[in-house]
Amino acid sequence: MGDDRSDWSGEERLGDLRKEIDTIDRELVALLNRRAKCSLEVGETKKGAGDCIFKPKREMQVMERLLVQTDVLPEQHLRAIYREIFSSSRKLQRPQRVAYLGPEGTFSYFAGVEFLGHCADYLPQNDIEGVFRSVASGESGLGIVPLENSLHGTVGQSLDLFLRFGVRIQSELFCKISHNVMGRVKDLASVKRVYSHPQPLAQCARWLRSNLPSAGLVPVESTAAAARRAMSDPEGVAIGHIQLAQLFDLDVMVRSIEDLPDNWTRFVVIGRGKETGLANDKTSLLFTVPDKSGALSSMLDAFTRHGINLKKLESRPMRGEKWKYVFFVDLECDLEHEEYRDVMADLEANCLTLRVLGSYPAGPSLDVSAEDGAETPQP
Ligand SMILES: C=C(O[C@@H]1C=C(C(=O)O)C=C[C@H]1O)C(=O)O
């Protein structure tokens, strides 16, 4: 019959297309290997020069160029593919551990994987200090730490740790945070206990009051630890990242229960190296000023004089010297670039001490709360 004939030609077409895909895949693997060989050579050059492996600005420039070129392949797909190509490329140059606030399944973990890809070896730490220590000692090449939250402000502990460890900010990223109820309980009415880190419990307080008014709230050390508890409690649920359900074999009972949905955390990638050459978008500084009238404003005036936009200003107590403070600032310029040499001299003349915490590209916004980790545009 005519239908058979059209099926047959459909099959023939399918066969041709699959042959074409097989040929393209062979070419792709050959090209990926060619790229990997180049990257290995770049790695050798870096080793000779004592340069760092991770070059976020270069990766962003490569990505931007490719996005202009893409056709049917959507931007998100190309970004996801290249995140893994970069991840493999870095690992080939030098296997690098990435320290994070563990265990696996925390928001820090997902932020790391979404940004640095699956080829890195992720090393869980018990606390943020462990992340700084692991990077400073050379045990890990990179570390990922939360720096501030759009609703709750600065993570003071992270800023304070910069005073104790000589690490540098290599890159930043903004992650959308969303919370979900997961467990092995048949319905919400049967829930007796809610496990989570104190932060998510606070961020979902209104929902918990209206929907689980008689359940006990049990604060634990992380959202991943909460999921582990929910796994063995037939009347308990965990609140955390949606992928915890898969990791700990839990059912997702209610999604996105945070009281305020536009909840973003800014993470930074820390390392020991200093990227050279490419002009970055931002610089983080910490400085101290003399204890006298006008000292801080003379520093701020210097930024104004040079037309530098201040993105953030925060003061923290100076360790071991009570009622003295250190100032953290984020600037919208690459203060380490040669063109800012005079500016740097001017700033140094107006303060007691000054340390550059790092110059880095303005970070992407990643929706790490999504089941498949899709990226979203800047908030
Ligand atoms: C290849 C390099 O090293 C790393 C890998 C990159 C890549 O695969 O394109 C880009 C920047 C670096 O993070 C490089 O520095 O050019």
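Residues numbered from 1 in each chain as written. Predicted model: local features only at pLDDT ≥ 70, side-chain atom pairs only at ≥ 80, totals over all residues. Heavy atoms only, no water.

Going by an unreviewed UniProt entry, the protein chain carries the name Bifunctional chorismate mutase/prephenate dehydratase and comes from Desulfobaculum bizertense DSM 18034. UniProt's Function (unreviewed entry) comment on the protein chain is quoted here verbatim: "Catalyzes the Claisen rearrangement of chorismate to prephenate and the decarboxylation/dehydration of prephenate to phenylpyruvate." (UniProt positions renumbered as here; feature names shortened; annotations may be inferred.)

(A) The environment of Leu14, seen in detail. Relative to the helices and strands, Leu14 is located in helix α1 (residues 2-49). Linking Leu14 and Asp251, residues 237 residues apart in sequence, is a C-alpha distance of 39 Å. (Helix = DSSP H or I, 4+ residues; strand = E, 2+ residues; numbered from the N terminus.)

(B) Expanded view of the packing of helix α3 (residues 75-93) against helix α4 (residues 107-116). One can describe the packing of α3 onto α4 by two numbers: an axis separation of 7 Å at closest approach and a directional angle of 90 degrees. Here α3 lies roughly perpendicular to α4, going by the angle between them. Where α3 abuts α4, its residues Arg83, Ser87 and Arg90 lie against Val113, Glu114, Phe115 and Leu116. Here the contact of α3 with α4 is built from residues that sort into 3 nonpolar, 1 polar and 3 charged. (Axes fitted to C-alpha atoms, helices over the stretch in contact; angles between N-to-C directions. Parallel < 35°, antiparallel > 145°, perpendicular 65-115°, else oblique. Contact = heavy atoms within 4.5 Å. Nonpolar A, V, L, I, M, F, W, Y, C, P; charged D, E, K, R; others polar.)

(C) Region of interest: the UniProt feature "domain: ACT" (unreviewed entry) in the protein chain. Following the UniProt record, the feature "domain: ACT" (unreviewed entry) maps to residues 284-361 here. Between the C-alpha atoms that bound residues 284-361 the distance is 11 Å, and the span itself is 26% helix and 36% strand.

(D) Main features of the environment of Glu338. Relative to the assigned elements, Glu338 resides in the loop between β14 (325-331) and α12 (341-349). Here the alpha-carbon distance between Glu338 and Gly363, two residues 25 residues apart in the chain, equals 22 Å.

(E) Spotlight on the site of the ligand. Contacts to the ligand come from 13 residues, most closely from Arg35, Lys46, Lys55, Glu59 and Ser89. In this structure, an oxygen atom belonging to the ligand sits 2.9 Å away from a main-chain N or O atom of Lys55. At 2.6 Å, a side-chain N or O of Glu59 approaches an oxygen atom of the ligand. If the ligand stood free it would expose 350 Å²; the protein chains cover 91% of that surface. Listing elements by their share of the shell around the ligand, those giving two or more residues are α1, α2 (56-69) and α3. Grouping the constituent residues of the shell around the ligand by class yields 4 nonpolar, 3 polar and 6 charged. (Near = heavy atom within 4 Å. Polar contact = N/O pair within 3.5 Å; in protein donor to acceptor, adjacent residues only side chain to side chain. Areas by Shrake-Rupley, 256 points an atom, 1.4 Å probe, with all protein chains shown as cover.)

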